[in-house]
Each structure stands twice: as C-alpha cells, then as structure tokens.
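Listed below, chain by chain, are the residues.
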Amino acid sequence: MTKHTPRPGDLDPASARAVLEASDIARVLTRVAHEIVERAKGADDVVLLGIPTRGVALARRLAARLDDIEDAKVPVGALDITMYRDDLRLRPARALERTEIPADGLDGKLVVLVDDVLYSGRTIRAALDALNDIGRPRAVQLAVLVDRGHRELPIRADYVGKNLPTSQRETVQVLLEEYDGRDAVLLGTRGSASAAAAPIGGAAAQVPATPEAE
Amino acid sequence: MKRHLISAADLTRDDALLILDTAEELAHIAERPIKKLPTLRGRTVVNLFFEDSTRTRISFEAAAKRLSADVINFSAKGSSVSKGESLKDTALTLQAMGADAVVIRHNASGAPHTLANSGWLRGSVVNAGDGTHEHPTQALLDAFTMRRRLNAGKGDLEGRRITIVGDVLHSRVARSNVLLLATLGAEVTLVAPPTLLPIGIETWPCEVSYDLDAVLAKSDAVMMLRVQRERMNASYFPTEREYSRRYGLDEKRMAALPEHAIVMHPGPMNRGMEIAADVADSPRSTIVEQVTNGVSVRMAVLYLLLGGSEPAITTSEETAK
Amino acid sequence: MSTYLIRNAKVLGGDAQDVLVSDGRVAGLGTGLTAPEGAQVIEADGHVLLPGLVDLHTHLREPGREDAETVETGTRAAALGGFTAVHAMANTDPVADTAGVVEQVWRLGQQAGRCDVHPVGAVTVGLAGERLAELGAMHESAANVKVFSDDGKCVHDAVLMRRALEYVKAFDGVVAQHAQEPRLTEGAQMNEGTVSGVLGLRGWPAVAEEAIIARDVLLAAHVGSRLHVCHVSTAGSVEIIRWAKSKGWDVTAEVTPHHLLLTDELVRTYDPVYKVNPPLRTAEDVTALREGLADGTIDAVATDHAPHPSEDKDCEWAVAAMGMLGLETALSIVQQTMVDTGLLDWAGVADRMSVRPARIGRLDGHGRAVAVGEPANLVLVDPSARRTVEPSELASRSGNTPYAGMELPGRVVATFLRGVPTVIDGKLA
C-alpha cells in the first residue's frame, strides 16, 4: 500500500485540530505499556497483535516499551481482519493486509489486540472471530490509542490512551511517523478531498466513503 | 475489468498484481489448523463443468469452500446437459437457483464469453478453461508460482524470461500465459514445431522459436505443455519418439538451464513424452506446488469478484480506495 | 391489369424520367408523360429506378425447415428487398435433387406470387458428393432448372466436378460451386488468421477456398464449360477469377453483401450471428472483393440469405448454425459499400444485381433494360433514406441479421413483378 496518499474520509485540513501531539502519544503509549505489565503481572506470555494498518505500528511501539520495562522480548504480530468484516458487501472487495502470527502461536497466550481508534466495535468483533480461527489464547485484551465512543456492540477496551468524546459527524484521524511522516491525532470534519479522489462517473462514485479506522 | 474473468487480457497489471498479492496472503490460510474464512458465507458458487477436469474442479471447489461459499457441482455427465439441454437453458436454471458465480469449463472456445454476455444470468462468470481459447486462472497460478520462486513472492515479472514449450496451437494455457506474462513484464518465448503454432502468432506479445536447445540457457522458467498423443495421427508430428527427442525436456536439457531456473507443467503430464519422469520429480519442478498455489489464486479471484458489493479487480476503483 | 405511371424516376440513376407501366410491360418512357385514364400515379421524387433484382443464392428452407423460413416468408423478404427473382438453394430436406422436389419448390413460388422462385438443383444425390443427381430430369421439369449447386457442401471430388461441368452443357446449365476444400476445413469455425489464433477457434484458411476455385477454373477451361463460383470471400479468389477471365474462360462469380462489409474482427464477440460459411474474412479481403465487384471480375452480388431459428443462434459459437439473413438488406449494403464509396454507379448496381445474375441463371424475363416493351420487373429505391435495422420488423421468419441496430442507407420504395406491385410505399402490396 502506498504511504502518504490521502485516504477517502481524510480530514478536511481546515477543520482539523490536533487533540494529541507527538509527545502526548509517546506518553500515553508508555502509560499503556505500564498498565499491560501491571494487569498481566509481567509480560511473560503477552503477544501483541496489531490490526493493520496503524495498529501494527502501535503494537511495535508498545513492544519496544515492554522490552524496556520488563527486559523481555514480547512477540508482535499483525492480524488482518478484512475477510471477517461484516460490511464487506457494502463496498468493493478490497486488498488484504498482511497477517503475521508470531512463530510460537497464540495458544495459551495473553493476546493484546492493538488498534488506533475504537469506534463502533465492529473491527474488534471481526478480530475476535479471526483469532478464533487461528488459535486459543488464554485471554484476549484490547489496547487502543483513542476511544471515541459510539459503540454498536458490547465491546470495551482494556487499555485506552485517550478517551475522546466526539459527535458522529466528526472524524478522528491518527497519523503515525511510520506511515504519515509525523505523530498526531486529529479531530475534525470529513474533508472534500475524498470526493475529488473518486473516479468520475460509474458505480464507483456512489461507493460510500470509507470510514476512518475504528 | 468487469464482473467476469474470461481472458487474461481482461486483467491490467494492477488487477493481476492485486490478485497475486491477495493470493499471497491467502496462501497462509492453508498453514492454519482451520483452513476457512467466513468471507463468502451465503454466496453460491456453481462449478459448471462440461468437460472432465477433476483437478481444476477440485481446486475451485476447495477455494470456494475455504471462503465458506456454498458450492454446487454441476457436471455435464449424468445431467440434463448430456440429454441435449442447451447452455442457455442450463444458465437459466443456474440463475433461478441464485448462483452468484459460475465457474465454467467448456470444450467450446468462447462459451464462457457467451455465458457472461448473453444476459442469461446475472452472476459473475469465471473461465475455468474453454476449448483452445483461454484458462486465465491457470496463468495466474503459474505467474504466482514463478513470482514466488523467482521474485520472493513480490512485484511483477519484469525482464524474467519464460519459455513455453509444446502444443501452443491447441493450448488454452499457453494463450492465457502469454497474455498475462506480457502484462507482468516477462519476456516469453514459445517453442514448438511449426505445425503446433497458430497462424498469426507473429502478432502475439512473445518470441517464437523452433529450437528448444537454443533458448534453454537463458530461461528463468520452462513450462512444458501437455501434448496429446492423438495429435500424431493428425500429422502434427511424425512420431512420439521424434517429438520427445526434439521438444521433450529430459535431464540433459534440464542441465542446460541456469541454476535458478524452474520447470513447470500445468498437468496432467505425459511422462516420457514432453517431460522425462526424472525431470518431473526433480527439485526444480514446481508441478506439485502449482497445484497448491492454484487454490490460493482461485480463492483470491473468487474473493475479489464476489467478496464486496462489486468486483475489486477494477483499476478505476483502486484509485478510490 | 392496372396501369402505373412512375413520375420523375432516375432510371439507372440517370436523368429523371416518367415510366409508364401497363400490361406487365414498360409501355412508355420519357419526360412529361400524361397518365392514361385509370392509371395510378407514383411520384418517384427523384428516386432511382432499377430493373428488378435477381438473387442467385437464397435459402428459402422449404421443404424441411419451415421453422426458419418458408417460400412464402422468404419471397416476402425478397420483394421488400427489391428482388423479382430468386434462386432457391438445394440444401432443403429432402434435398432438391429430384424433379419432384424442384417442382414442389417451383409451385410454392408460383403460389406465393411475390417474386419468381427458380429452384437450384443439387449436383450430387443428397449433396453427398458421390454420384450425380438427375440433372437432366430437373432441367426438363416444370422448374426448368439451369443452375446446379451442392451449396453448403463442396463438390470436392475432381472427377465428379469434371463430369458435372460437362454434363450440364447439354442444356446450357451451370454448376455453381461452393468452394471449400473439406480436409483443410475440418471443424473450422472462422477465418484462419490473427483473430482465430487469439480466440482459439479452428481456422478456415483462405487457401481452402482458393485451391478449389483454381482447380475448377482449370477444369472448366479444359472441358469448355461454364463455371459459376458461389460467395467468393478472399482476395486470392478474386485474383484467380481475374486470371481465369483474362484467359477468356467462361467463369462467373458472386459475392455476398456481408463479405463486402463485415470482417472477422466481429468474431471477437463470439456472437453466433457472425458465424457464416464462408467465414467473414479480413479488411484486406473486403477491399479486394469491392474492387473485384467494381471492375467486373466478380459478376454478381448474391445474398446467401440463410435464415436460422433463434435456438440455432442464441447459443455458444461452436454449436451455432452458419449463415445470416440478406434479402432485405442487400441493396442497402451494396449502396453503402459500393455506391456511396464511388466504386459503382447505379447502372453498375443494376448490372451486378440484376442483369448479370439473370444472365448467369438464364432468366430471360429478368435483368432487362428499362425500355419500352420490356417486362416491367422494376425496383424503385430512395437512396437518401436511412433506416435502422430491427430484426423483429423483418419479413423473414428468422431474425439472424448481422446488421441489427445498424443504420443503413437506402430504402426500397416499390417493387414491380411483371407490372404488378409487390411492394408499394415500402410495404408489401
């Protein structure tokens, strides 16, 4: 996937304001890492599974912090949930992201799912289904950078970087160094750039804009 | 492209790479204890086979089932088709049964094209081999195999030299491979006796040679096509022995290949005819791998055609992503 | 019998004249003619008047395939297309290889009355290419057969062809050969060339046609017989016929309207409406055929009107029947490809679509000059009209026209068969 390309649903730059800056993100990740160590009573059997795209980078950053705190190599993987989504039929089939399960597998482990934004909860529902087909963890927990509310399923996060009250008209966008060249969490209204990126005419123009990562 | 996969020519470079990349991800499913994804739950895939081809049917069946689609196998033998029912009436029946996709193998060139464009049914049509025309998913799995062996499973096949040997005239595999490999940037050379090359081949995006030994040393992959023994009776070549001597791949010829080069065959093989048994069983041979890869590639095609509200294999929609 | 005054018609595309038709003949020709009492006046408004068209090659399908066409429906189509005489091909069921069958077809034509139907007799029994049919008996029958053809099959046995050419000399008959070398075209589905290679359809090489034509012109020359070549489709065939004519040999040839317009590129659609025998060829062939027709190497346009019911065309290519409709669109296609391109004037059209085909078929009452005293077999054409072909509106019982949805130039306004209108105002009279 190409980096730095505007995504449909990207924020209208004029409306965007940063709710977390780079230093804030660094701080909350460190806090979350400590919370994981505390709740997991160490990090012995923890496996971090990031949900692509940005969840994977966050998982790697958390793993680095766990390494610092506990001096333990925490396995990091990626879990693509595309094939488990419940809204596949609502838009064109999309390219898959990489799923990488650490070599020792997930059986008996404490799996911490990592994502950037928790919104409706449907992504996490899909992730739990995907996990079910891959192994049998001892327990599954969820870490997110931002919880913006508006849940549609009975799902909650175990570790939250920041609770961010939003209206549904608003959009939250997480920018990460690895993909976007800088760290920030932006809040704003959806930009018109997405409409311009859509092809002219044809069915594709009627495809609803892809919602931002949840 | 469209809702259908009829010809390798339907695929742009981006389409082809999307299929190959998706297949690369899906290949890992085969390594899991539960080799199944819920993606096509509630969708119906019909395998409509007018020609016996157990291996291709099984491959499509496994692909559809791993994606949780309902699979209906409709083979011409023992069905109303063998009692003279027309393709049209069969299609109308499948439409009435709510087929979301029809995977068709037919002995008549163009039958999948007709099925897709007739208005007889609304589902996607996937060509699983039509007459002497095309077999696009075979070309995709061949490209997938080459990419894995020669390019670490990434990117296209720019500059790779692929030699395809045998009965090009009657080969749907060769047609689809030439088109797809050219799209992916490979340099294809077809090798066959002149009797087994079609008129007009000079307009194809490939080179042609009558001399296998002359091209082996610069080949990254050699694909041996099945040569039916019956062709001998129609004087396409004098004897099996002569064919094998001039165009068969034996150990001596394999030794002339560069060290990294692979040997491919779409199967079923005529051991001792176009390919020597030792060559077929050598570590360079990807013949078994091709079968495995076939399932991943067909999963990718079915997912990209059926997985969303509309097919993903469309370049204009890719830009919208 | 009624009298008609056709006012201001461009006879053979020339200056506007009035033409008086009475008692089945042309009774007057000139400017400012006054209509006799009781005469019906047709204002031709500068439309073109030609002698009634003659088709050397029509499949009326009766007896045997009345679901595709009958003599009644086929002759309606012929009249609407401007034809006053058609030759009904012999590949019916039963085959027109006996006096009985050709008389039956001939009588059906008489009953229909819309256009003269001249049965073609089979050369060999059952079109099997093994032994001669009773050519003499068919000639002596009420049908007075002069043209013999195994059309659909080639008389490929050289000895049999020689004998047929010789035998029909006794009654001034002609053998119309369907030139197709059978071994070179086994299982053939379309023209062999770039397109067949891509589509994976078994090819039909030009040489399969040309080899037979070359052999036959030499045979005809050797035995001093007339030879007619059906539906010439390749540039090479035109060359061979041109050479044979330059030798002074009595060889004639026809081309179909579709081979003057359509190419094998259309087969890329796998739409069986384009499946025809001989197959659609390349653009180079089309050019050569037009030139051959223009310079007279090819004598005639013949429709090869071949109706098929929808179930034989609404199917996959391989099992589809070969052939396409032609009677109702032939003149439009000739106008588009030959007249509007400047290759042929209307006098030339009259020559290739009426005069020469009538001469080849030895039809004395057709293909005559538009002159006082001649039989009033006439067609009035509006070259400036345009129409879009709609299969369901055709008079033929079948709908397999390759021109569906195409806008074509020209419209047959009126057709007269021996002074009686069969078509008036573009509709059946």
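Residues numbered from 1 in each chain as written. Chains lettered and ligands numbered in written order. Predicted model: local features only at pLDDT ≥ 70, side-chain atom pairs only at ≥ 80, totals over all residues.

Turning next to unusual backbone geometry. Note the cis peptide between B:G267 and B:P268, where omega equals -10 degrees. Along the chain, B:P268 falls in the loop between β9 (262-264) and α10 (277-280). The omega torsion of the bond from C:E62 to C:P63 falls at 5 degrees, within 30 degrees of zero and hence cis. Phi at B:S235 is positive, roughly 65 degrees, even though this residue is not glycine. Among the structural elements, B:S235 can be located in the loop between β8 (221-224) and α8 (240-247). (Helix = DSSP H or I, 4+ residues; strand = E, 2+ residues; numbered from the N terminus.)

It is worth spelling out the packing of helix α7 (residues 235-246) of chain C against helix α8 (residues 283-294) of chain C at this point. Residue and element names in this part refer to chain C. Between α7 and α8, whose axes approach to 8 Å, the crossing angle comes to 30 degrees. For the element pair α7 / α8, the angle class is roughly parallel. Where α7 approaches α8, its residues A235, V238 and R242 are matched on the opposing element by E284, D285, A288, L289 and G292. (Axes fitted to C-alpha atoms, helices over the stretch in contact; angles between N-to-C directions. Parallel < 35°, antiparallel > 145°, perpendicular 65-115°, else oblique. Contact = placed C-beta atoms within 7 Å.)

Residues and elements named next belong to chain A. Pairing in this open sheet of 3 strands is antiparallel, and the strands run β1-β8-β7 from one edge to the other. Of all strands in the sheet, those bounded by a partner on one side alone are β1 (17-20) and β7 (170-175). Within this sheet the neighbouring strands show an average axis-to-axis angle of 35 degrees, counted without direction. In terms of strand pairing, β1 meets strand β8 (residues 184-189) through 3 bridges, oriented antiparallel. Each residue of the ladder has a partner; that of A18, found in β8, is L186. (Pairing = 2+ DSSP bridges.)

Residue and element names in this part refer to chain C. On the basis of which strands lie adjacent, the open sheet formed by 5 strands has the order β9-β10-β13-β14-β15 and parallel pairing. In the strand order of this sheet, the two ends are held by β9 (147-148) and β15 (300-301), each with one partner. Pairing of strand β14 (residues 251-255) with β15 involves 2 bridges; the strand directions are parallel. Residue pairing across strands places E254 opposite A300, the latter belonging to β15.

All right, on to the confidence of the model for chain B then. Averaged over chain B, the pLDDT score is 91; the fraction of residues at 70 or greater is 94%. Predicted confidence for residues 315-321 of chain B stays below pLDDT 50, and this span has 19 contacts to residues more than four positions away or in other chains. (pLDDT = per-residue confidence, 0-100.)

All right, on to the environment of B:T195 then. Note that B:T195 resides in the loop between β6 (187-191) and β7 (207-209). Residues B:T195 and B:P136, 59 residues apart in the sequence, show an inter-C-alpha distance of 24 Å.

Attention shifts here to the nonpolar core. In terms of nonpolar packing, the biggest core is built from 296 residues, with A:L48, A:L62, B:V102, B:V222, B:L302, C:L49 and C:F148 touching the most fellow members. The dominant element in this core, judged by the number of residues it contributes, is helix α11 (residues 287-306) of chain B, at 11 residues. Each residue touching C:L49, except ones within four places of it in the same chain, is listed here: C:I6, C:A9, C:K10, C:V11, C:V19, C:A44, C:V370, C:L378 and C:L380. (Core = buried A, V, L, I, M, F, W, Y, C linked by C-beta atoms within 7 Å. Buried ≥ 20, exposed ≤ 12 C-beta atoms within 10 Å, placed from the backbone.)

Moving on, we get to the domain arrangement of chain B. All names here are of chain B. For chain B, the domain assignment lists domain 1 (8-134 + 290-316) and domain 2 (136-287). Domain 1 and domain 2 are separated by 25 Å when their C-alpha centres are compared. With 25 residues of domain 1 at the contact, the number on the domain 2 side is 25 residues. Going through the elements one at a time, α1 (13-27), β4 (124-130) and α11 are the ones with two or more residues in the side of domain 1 that touches domain 2. Sorting elements by how many residues they give to the side of domain 1 that touches domain 2 places α1 first, with 7 residues. (Domains from an automatic or database assignment.)

Residues and elements named next belong to chain C. Within β14, 5 of the 5 residues are buried, leaving the element largely enclosed by the surrounding structure. Neither face of β14 is left uncovered, since the one carrying V251, A253 and V255 and the one carrying T252 and E254 both have all their residues buried. One crossover worth recording links strand β13 (residues 227-229) to the parallel β14 by way of α7, and it is right-handed. Where the polypeptide runs from β14 across α8 and back to β15, its parallel neighbour, the crossover connection is right-handed. (Right-handed = clockwise from strand over helix to strand, strands pointing away.)

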